[in-house]
Amino acid sequence: MSSRPSPGDSAFLEETTDQPLDATRHGDVTREIGAFLHSRIVGQDAAVDAVLELYQIFLVGMSPPDRPVGNLLFLGPTGSGKTYVIEVLAEALFGNPHAFIKVDCAEFQEHHEIAKLIGSPPGYIGHMQTQPILTQQALTRWHTEKLKLTLLLFDEVEKASESLWQLMLGILDKASLTLGDNTHVDLSQCIIFMTSNLGAPEMSRLAEGGLGFAAQAPIEDVNLDEKIARTAMEAARRKFSPEFMNRLDKVVVFKTLRPDQLEHILELELAKVQRRIAGAVGENHFTFRCTPEIKQCMSSGQL
Ligand SMILES: Nc1ncnc2c1ncn2[C@@H]1O[C@H](COP(=O)(O)OP(=O)(O)OP(=O)(O)O)[C@@H](O)[C@H]1O
Ligand SMILES: [Mg+2]
């Protein structure tokens, strides 16, 4: 009889993930990360929860083998915090808001521009000069002894060219990528984020506000969030193939921010300015204050 462990017993999970199964382990770590994220990110709890869920699954070693740790699509109006969530997560995990790889899909519209991502095949002009963005080394740049996780963002994903789509489908499905020089890149330690403004104009019309930062109070409608989410999902389904949609673990629709939430964000931003000033000239030299009128002007976009 084979001594190989079978699915269902914890030894199987230990063998396939190299991490013992313990759903409670690191619970405190995730809670700490969650508190940090919630303290910085205003009004986008669904996005924070989606990220925390994936992180916890990763920490307990339950991420699917041969797939990325998670594939998340963030939809929503401009300025609603889609990129910011990833920056704050990078800061929470690695102490640096820039500790992630960002691929601006709009920059890779032409077939030949893909070489910037994966390098060109040997023999092609520029083979040695191009340093591809998606090498194994680049993916592990921010890894620490304790945390071997990479945050990879494909921004404005609806602008990706056909070649970039093919590349992304392979990543989302198999966590694998072949570079121009035929070397293999493993992306199974990555959380893949994709962002898009698809459906944003319709969403803003529904919320009766501006883009992202709503200019007026949204209309009273208990089903408004649901309607907005449905509108965004419909726009995504019209644009993206079922092949792509099926590879996503979760689609998060960011909410249009209300005036009170904008004021809260403004407070957080002003506190950052104050901290920077204190860092530069010392705690007691300069205190930064803003009158309520100025705050009102700033959060309503008049300044
Ligand atoms: N929900 C939020 N909580 C706190 N700050 C926010 C939030 N949304 C936006 N901000 C602030 O506004 C800035 C711009 O937001 P961000 O770049 O994340 O927008 P976005 O949704 O990615 O927009 P775009 O679709 O144009 O890329 C952030 O750097 C942050 O300072
Ligand atoms: Mg963005």
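For the structure, check the block above.
Residues numbered from 1 in each chain as written. Chains lettered and ligands numbered in written order. Predicted model: local features only at pLDDT ≥ 70, side-chain atom pairs only at ≥ 80, totals over all residues.

Caption draft 1: Inspection of the overall build of the chain at higher detail. When helices and strands are counted, the chain shows 12 helices and seven strands. Within the chain, the proportion of its 303 residues that are buried is 34%. (Helix = DSSP H or I, 4+ residues; strand = E, 2+ residues; numbered from the N terminus. Buried ≥ 20, exposed ≤ 12 C-beta atoms within 10 Å, placed from the backbone.)

Caption draft 2: Layout of the site of ligand 1. Thr 78, Gly 81, Lys 82, Thr 83 and Tyr 84 are the nearest of the 15 residues found near ligand 1. The set of elements that each furnish at least two residues to the shell around ligand 1 consists of α4 (82–94) and α11 (259–281). At three residues, the largest contribution of residues to the shell around ligand 1 is made by α4. (Near = placed C-beta within 6 Å.)

Caption draft 3: Up close: unusual backbone geometry. The backbone of Glu 156 shows a phi angle near 50°, a positive value even though the residue is not glycine. If you trace the backbone, Glu 156 turns up in the loop between β3 (150–155) and α7 (162–174). With a phi close to 55°, Ala 175 is a non-glycine residue in the positive phi region. The residue Ala 175 is located in the loop between α7 and β4 (176–178) in this model.

Caption draft 4: How the structure looks around the packing of helix α8 (residues 200–207) against helix α9 (residues 224–239). Following both chains from N to C, one finds α8 and α9 inclined at 165°, their axes separated by 9 Å at the closest point. One finds that α8 runs roughly antiparallel with respect to α9. Where α8 crosses over α9, the handedness of that crossing is right-handed. Between α8 and α9, the residues in contact are Glu 202, Met 203, Leu 206 and Ala 207 and Leu 224, Lys 227, Ile 228, Thr 231, Ala 232 and Ala 235, respectively. For the contact of α8 with α9, the per-class residue count stands at seven nonpolar, one polar and two charged. (Axes fitted to C-alpha atoms, helices over the stretch in contact; angles between N-to-C directions. Parallel < 35°, antiparallel > 145°, perpendicular 65-115°, else oblique. Left-handed = near helix turned anticlockwise from the far one by under 90°. Contact = placed C-beta atoms within 7 Å. Nonpolar A, V, L, I, M, F, W, Y, C, P; charged D, E, K, R; others polar.)

Caption draft 5: Highlighting the sheet that holds strand β1 (residues 70–75). The sheet built from five strands is open, its strands ordered β2-β3-β6-β1-β7 with parallel pairing. Unpaired on one side and paired on the other, β2 (101–104) and β7 (250–253) mark the two borders of the sheet. Averaged over all neighbouring strand pairs, the angle between strand axes comes to 20°, with direction disregarded. Contacting β1, β6 (190–196) and β7, helix α3 (residues 45–59) runs over the sheet at an angle of about 155° to β7. (Pairing = 2+ DSSP bridges.)

Caption draft 6: Fine view of the packing of helix α2 (residues 27–40) against α3. It is at 10 Å that the axes of α2 and α3 come closest, and there the two elements cross at 160°. Our classification of the angle between α2 and α3 gives roughly antiparallel. Relative to α3, the crossing made by α2 is right-handed. Facing α2, whose interface residues are Val 29, Thr 30, Ile 33, Gly 34, Leu 37 and His 38, α3 presents Val 48, Leu 52, Tyr 55, Gln 56 and Leu 59. When the residues that make up the contact of α2 with α3 are grouped by side-chain class, the tally is seven nonpolar, four polar and no charged.

Caption draft 7: Quick peek at the nonpolar core. If you look at the biggest cluster of nonpolar residues, it comprises 66 residues, and the most contacted ones within it are Phe 74, Leu 75, Ile 191, Phe 193 and Ala 232. What Leu 75 contacts, discounting residues up to four positions off in sequence, is Ser 196, Leu 198, Gly 199, Ala 232, Ala 236, Val 251, Val 253 and Phe 254. (Core = buried A, V, L, I, M, F, W, Y, C linked by C-beta atoms within 7 Å.)

Caption draft 8: Quick look at α3. Look at α3: 21 Å from first C-alpha to last across 15 residues, which is about the 21 Å you get at 1.5 Å a residue. Listed in full, the buried residues belonging to α3 are Ala 47, Val 48, Val 51, Leu 54, Tyr 55, Phe 58 and Leu 59. Burial along α3 is one-sided: seen end-on, the buried residues are contained in an arc of 140°. Looking at the buried residues of α3, the elements they touch are α2, β1, α4, β6 and β7. Within two residues after α3, Gly 61 carries a phi angle of roughly 75°, on the positive side. (Expected span 1.5 Å × (residues − 1). Arc of directions from axis to C-beta.)

Caption draft 9: Spotlight on the environment of Leu 151. Inspection of the secondary structure puts Leu 151 in strand β3. In this structure, the C-alpha to C-alpha distance between Leu 151 and Leu 89, residues 62 residues apart in sequence, is 8.9 Å. What Leu 151 contacts, discounting residues up to four positions off in sequence, is Ile 86, Leu 89, Ala 90, Phe 100, Ile 191 and Phe 193.

Caption draft 10: Inspection of α11 at higher detail. With 23 residues, α11 should cover 33 Å at 1.5 Å per step; its first-to-last C-alpha distance of 33 Å lies within 8% of that length. Phi turns positive, to about 95°, at Gly 282, one or two residues after α11.

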